[in-house]
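# Structural features, examined
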Amino acid sequence: MDPGLAETGWAVVEDQGGRLVLVASGVIRTYPAWGLVRRLGRIHGDLVAAAREHSISRVRVEAYVSHGTRVGSSVLDAGVGTGEVIACAVLAGLAAGAAVDEPIRAAEWQAAIGRPRAGSLRDREARKRLSAAVVRAQVAGIPAGAPDHVTDAAGIAASAWVGARQQTALELGGYRGAPRRRARGT
């Protein structure tokens, strides 16, 4: 899930023969005139309904970050409304009986699915296009013109799948981590 008080994106992906496929997605929109309690109620209710409808087994939500660092030790410290939306996402996953991962920073989920470092891309739109292209390469079925929140949510879901596969391999003794580079001159 890609949390936001005004717009929260969600995506359900499924492993179909070793390929991730987008099964369902959406953007939950709320409006300032509704007030915080009504907005959070809408987000939570819609997330629970989607999670139950699609029988999800795992939830991963993007963490709120400020200037590259996680804010506070509590999701409720995250910022105006965003921390509460993260809490809604976690509670929705639990209500649906799903395993819930710790919130993950954008740079972490993007690295997990293979997005190259984009430090040289100063233009925010160029970084967003790069992320969207990598997500589309990893997850089949994302419609052309899908909202950024949906594409990001699919990427976050894909990173959970990658993490679960690595954990399973580690438990079976088959995952050795990323290959180590030899130092020059050795």
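Attention in this report is confined to the structure presented alongside it. (Residues numbered from 1 in each chain as written. Predicted model: local features only at pLDDT ≥ 70, side-chain atom pairs only at ≥ 80, totals over all residues. Heavy atoms only, no water.)

## A short note on the overall build of the protein chain
The helix and strand tally for the protein chain stands at 5 helices and 7 strands. Traced from its N-terminal end to its C-terminal end, the protein chain shows the element sequence β-β-α-β-β-β-α-β-α-α-β-α. In the protein chain, which comprises 186 residues, the proportion classed as buried is 38%. Restricting to contacts in the protein chain with at least 6 residues of sequence separation, those with at least 24 account for 60%. For the protein chain, the exposed area adds up to about 10,800 Å²; of that, 52% sits on carbon and sulfur atoms. (Helix = DSSP H or I, 4+ residues; strand = E, 2+ residues; numbered from the N terminus. Buried < 20%, exposed > 50% of the residue type's maximum accessible area, 1.4 Å probe, protein only. Contact = heavy atoms within 4.5 Å. Areas by Shrake-Rupley, 256 points an atom, 1.4 Å probe, with all protein chains shown as cover.)

## Quick notes on the pattern of salt bridges
Between side chains of opposite charge, pairing is possible as soon as their charged atoms come close. All chains considered together, the criterion is met by 4 salt bridges. In this structure, the salt-bridge partner of Glu7 is Arg29, at a minimum N-O distance of 3.1 Å. With Glu7 in strand β1 (residues 7–16) and Arg29 in strand β2 (residues 19–29), this residue pair connects regions lying 22 residues apart in the sequence. Note that Arg42 and Asp46 form a salt bridge whose closest N and O atoms lie 2.9 Å from each other. You can see Arg42 and its partner Asp46 sitting in helix α1 (residues 36–53), 4 residues apart, about one turn around the helix. The class of Asp46 is partly exposed, set by a relative accessible area of 30%. (Salt bridge = Lys/Arg side-chain N within 4 Å of Asp/Glu carboxyl O.)

## Focus: the nonpolar core
In terms of nonpolar packing, the biggest core is built from 21 residues, with Met1, Trp10, Ile43, Leu47 and Ile56 touching the most fellow members. When residues of this core are traced back to their parent elements, those giving at least two are β1, β2, α1 and α2 (82–95). It is α1 that provides the largest number of residues to this core, a total of 6 residues. Aside from chain neighbours lying at most four places away, what touches Met1 is Gly9, Trp10, Leu47, Val59, Arg60, Val61, Glu62, Ala89, Ala153 and Ile156. Membership of the second largest hydrophobic core comes to 17 residues, among which are Ala11, Ile113, Val134 and Ala146. (Core = buried A, V, L, I, M, F, W, Y, C linked by side-chain atoms within 4.5 Å.)

## Re the sheet that holds β2
Read across the open sheet, the 3 strands follow the order β1-β2-β7; overall the sheet is mixed. Each having just a single partner strand, β1 and β7 (139–140) make up the two edges of the open sheet. Along the sheet face, α1 touches β1 and β2 and points at about 155° away from the line of β2. (Pairing = 2+ DSSP bridges. Axes fitted to C-alpha atoms, helices over the stretch in contact; angles between N-to-C directions.)

## As for the packing of aromatic side chains
For the structure shown, the criterion picks out 1 aromatic pair. Geometrically, the ring pair formed by Tyr31 and Trp34 is edge-to-face, given 5.2 Å between the ring centres and 75° between the ring planes. The exposure class assigned to Tyr31 is partly exposed, which follows from its relative accessible area of 44%. A cation over a ring is seen here: Arg38 above Trp34, with NZ or CZ 4.2 Å from the ring centre. (Phe/Tyr/Trp six-rings, centres within 6.5 Å; stacked < 30°, edge-to-face > 60°. Lys NZ or Arg CZ within 6 Å of the ring centre and 35° of its normal.)

## Section: the layout of surface pockets
Considered as a void within the structure, the second largest pocket measures approximately 470 Å³ in volume. Taken together, 25 residues make up the lining of the second largest pocket; nearest its centre are Val12, Val13, Ile56, Ser57 and Arg58. Split into classes, the residues belonging to the lining of the second largest pocket amount to 18 nonpolar, 3 polar and 4 charged. (1 Å grid on protein atoms, 1.4 Å probe; cavity = no way out; pocket = protein on both sides within 12 Å on 5 of 7 lines; lining within 4 Å. Points joined across faces, edges and corners; volume = space filled by probe spheres on them. Nonpolar A, V, L, I, M, F, W, Y, C, P; charged D, E, K, R; others polar.)

## Quick notes on the side chain of Thr30
Inspection of the secondary structure assignment puts Thr30 in the loop between β2 and α1. By relative accessible area, which is 3% here, Thr30 ends up buried. Within polar-contact distance, the side chain of Thr30 engages the side chain of Arg39 at 2.9 Å. Setting aside residues up to four positions removed in sequence, Thr30 forms contacts with Leu5, Ala6, Arg39, Arg42 and Ile43. (Polar contact = N/O pair within 3.5 Å; in protein donor to acceptor, adjacent residues only side chain to side chain.)

All quantities given are derived from atomic positions and should not be read as evidence of function.
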